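Okay, here's what each chain looks like letter by letter:
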Amino acid sequence: MKNFEIYILKSNYQSNFYIYQVGHEKCAPFHSFGPVIRDFSVLHFIKEGQGTLEVNGKTYSLKKNDLFLVPAGKTVRYYADKDNP
């Protein structure tokens, strides 16, 4: 019952910033990812709900309209809220 889409973008534009993948997902309660260390950064925008982000032992509360970066090279875990994912 997952609502998830991925779009793969290719471009010849030369930059230090590359868009590799774009998508959206409606998360289930307690949906989580990690802990993981990636070799690329990921940018997330929260349209609805709330959750938690953990980066190298620090915890951040997230909510609707927050934008957050999952940094490359750091131990990261994030998960949706139980009651308001």
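Quantities reported herein were computed from a predicted structural model and do not represent experimental measurements.

1. Side note on unusual backbone geometry
Trans is the common state for peptide bonds, and a negative phi is the common state for residues other than glycine.
So, point 1. A cis amide bond links Gly 34 with the next residue in sequence, Pro 35, at an omega value of 5°.
So, point 2. Despite not being glycine, Asn 56 has its phi angle at roughly 45°, a positive value.
So, point 3. Inspection of the secondary structure puts Asn 56 in the loop between strand 5 (50-55) and strand 6 (58-63).
So, point 4. On the basis of relative accessibility, which here comes to 46%, the residue Asn 56 falls in the partly exposed class.
So, point 5. Located in the positive-phi region is Asn 65, a residue other than glycine, with phi close to 75°.
So, point 6. Its place among the elements puts Asn 65 in the loop between strand 6 and strand 7 (67-70).
So, point 7. For Asn 65, a relative accessible area of 52% gives the class exposed.

2. Considering the packing of aromatic side chains
So, point 1. By the definition in use, this model includes two aromatic pairs.
So, point 2. For the pair Phe 68 and Tyr 78, a centre-to-centre distance of 5.9 Å together with 70° between the ring planes defines the contact as edge-to-face. Placement of the pair is Phe 68 in strand 7 and Tyr 78 in strand 8 (residues 75-80), with a sequence separation of ten residues. For the pair Phe 68 and Tyr 78, a shared accessibility class is recorded, and that class is buried.

Here is what the cut-offs are and how they apply
- Residues numbered from 1 in each chain as written.
- Predicted model: local features only at pLDDT ≥ 70, side-chain atom pairs only at ≥ 80, totals over all residues.
- Heavy atoms only, no water.
- Helix = DSSP H or I, 4+ residues; strand = E, 2+ residues; numbered from the N terminus.
- Buried < 20%, exposed > 50% of the residue type's maximum accessible area, 1.4 Å probe, protein only.
- Phe/Tyr/Trp six-rings, centres within 6.5 Å; stacked < 30°, edge-to-face > 60°.

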